[in-house]
Amino acid sequence: MKRQDTKPGHGRWWFLAAVAALYALCAVLAPEPAARALAHAGQALRHMLPVLALVFVLLFVFDLLLSPQRVAQQLGRPGGARGSLIALAAGILSAGPIYAWYPLLAELRAKGMRASTAAVFLYARAIKLPLLPLLFHYFGAGYSVVLSLYLAVFALLSGFVTERLARTAEPAG
Amino acid sequence: MTTGSPHRIRTSLIKTARTFGQALPVIAGMLLLTSLALTLFSPQQFARLFGRNDMLDALLAAALGSIAAGPPLASYLLGGELLGGGVSLLAVTALVVSWVTVGLVQLPAEALFLGRRFAVTRNLVAFAFTLAVAWLTVQTLHGLGISVT
């Protein structure tokens, strides 16, 4: 029981501190490349600011419209093609860190949710609607659409394959 | 409490700000780190690390993505910068996809809640699918005549 009890914020700040320390080291050893790298990062951030603003708005809208209770209600329904499609939609729309969803999925598995539904949900989380503007920004609309469609198809496939391969897996109680 | 109530809006706004605030050090860190890497190492050096064989590149990138534990946003940043640095789209796609579908760091927690066999199988399947998704995405874009630069 490690991950779900961990506060995610500290590791992130330590990461930034480590990068800052790396820059400090580079500034001493090679000041000119360090300054160029800093300027490059600043420029990249300026380009990203409008996209980040849009990401914030989308995150807010999704949080406002979707509660974990509503998602759980849909996921707990029977499996089959309809169950997989509901899991796909729920996975795409779910927000927050992955480990926050494990207890809910375990509870639903204990109540009879199929392994394929859990697998589809977890894979579908790869499609991040609020982050699509950022994907567009870096890779373009065509790439983002094609990749997202394949991710959706393979999310459904992963449910089918995982359930067959892990047939004897027992739901955690 | 309805979706549109002022209390609900305020709660959502605070929660979103908190989520976003938690992502900011990662965004800043990834921007700084990739900028430093791209300044210190030339595109040719990146291409040398990856540019031997398409499938080997994709495997290496998928392995890197599988052990990475940052938010997906960080993979877009890193992937975008690597693509700009000359790394192939196949490898970059494998990195981005495995980053969000395979979770070696989360594996113990996933196994604890959903069963070891399920967690291991799901992650292995996701790793194999990473290569398929990356290959199909690149081939489809080529077929449609869409270039990603």
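Refer to the structure presented above.
Heads up: these notes are all about the structure in this document. Positions within a chain are numbered from 1, following the residues in the order the chain's sequence is written. Working convention: letters from A go to chains and numbers from 1 go to ligands, in the order in which they are written. Per-residue local features are limited, in this predicted model, to residues with pLDDT of at least 70; the limit for side-chain atom pairs, both in listing and counting, is 80 or more; totals at the level of whole chains, interfaces and linings are taken over all residues. Note: side-chain values were computed over all heavy atoms of the structure, leaving out hydrogens and water.

1. A closer look at the overall build of chain A
Numbering of helices and strands runs from the N terminus, with a helix taken as a DSSP run of H or I at least four residues long and a strand as a DSSP run of E at least two residues long. Within chain A one finds 8 helices and 0 strands. Traced from its N-terminal end to its C-terminal end, chain A shows the element sequence α-α-α-α-α-α-α-α. Buried residues in chain A amount to 46% of all 173 residues. We call two residues in contact whenever any of their non-hydrogen atoms come within 4.5 Å of each other. Taking contacts inside chain A between residues at least 6 apart in sequence as the whole, the part at least 24 apart equals 77%. Only protein chains enter the accessibility calculation, which uses a 1.4 Å probe; a residue is then buried when its area is under 20% of its type maximum, exposed when over 50%, and partly exposed in between.

2. Some remarks on the side chain of Ser116 of chain A
The residue Ser116 of chain A is located in helix H6 (residues 115-124) in this model. Residues contacting Ser116 of chain A, with those up to four places away along its chain left out, are Gly159, Phe160 and Glu163 of chain A.

3. Digging into the interface of chain A and chain B
On the chain B side, the residues contacting the 66 residues of chain A number 66 residues. For any pair of parts, buried area is found by adding up, for both, the accessible area (1.4 Å probe) each one loses once the two are put together. Three residues stand out in chain A for area buried against chain B, namely Tyr102, Phe139 and Tyr143 of chain A, and they jointly supply 11% of the buried area on that side. Just to be clear on terms, a salt bridge is a Lys or Arg side-chain nitrogen sitting within 4 Å of an Asp or Glu carboxyl oxygen. For the interface between chain A and chain B, the tally reads 0 salt bridges. Polar contact criterion, stated in full: a pair of N or O atoms within 3.5 Å, where within protein one must be able to donate a hydrogen and the other to accept it, and residues adjacent in sequence count only if both atoms are side-chain atoms. Our enumeration of links across chain A and chain B arrives at 8 residue pairs in polar contact (both at pLDDT 80 or more).

4. Some details on the pattern of salt bridges
All names here are of chain A. Applying the stated criterion to the full structure yields 4 salt bridges over all chains. Linking Arg114 and Glu163 is a salt bridge whose minimum nitrogen-to-oxygen distance equals 2.7 Å. You can see Arg114 sitting in the loop between helix H5 (102-110) and H6 and its partner Glu163 sitting in helix H8 (residues 141-165), a full 49 residues away along the chain. The exposure class of Glu163 is buried, given its relative accessible area of 15%. Residues Glu163 and Arg164 are paired through a salt bridge, measuring 3.7 Å at the closest nitrogen-oxygen approach. Of the residues examined, Arg164 reaches a relative accessible area of 37% and is grouped as partly exposed. Linked by salt bridges that have partners in common, Arg114, Glu163 and Arg164 make up one network.

5. Observations concerning the side chain of Ser75 of chain B
All names here are of chain B. In this fold, Ser75 is placed in helix H4 (residues 72-84). One polar contact links the side chain of Ser75 to the main-chain carbonyl oxygen of Pro72, over a distance of 2.6 Å. When sequence neighbours within four positions are dropped, the list of residues in contact with Ser75 reads Val96 and Trp99.

6. Structural notes on a nonpolar patch on the surface
Residue and element names in this part refer to chain B. Only residues whose relative accessible area exceeds 30% and that form no salt bridge are eligible for patches; like-charged ones are grouped when within 9 Å, while nonpolar side chains (Val, Leu, Ile, Met, Phe, Trp, Tyr) are grouped when within 5 Å. Surface accessibility follows the Shrake-Rupley procedure with a 1.4 Å probe radius. Residue values consider only the protein chains on display as shielding. A contiguous nonpolar patch, built from Leu49, Leu60, Leu64, Ile67 and Leu104 and spanning about 430 Å² of accessible area, is present on the exposed surface. It is helix H3 (residues 54-67) that contributes the most residues to the nonpolar patch, 3 residues altogether. With respect to the element layout, Ile67 can be found in helix H3.

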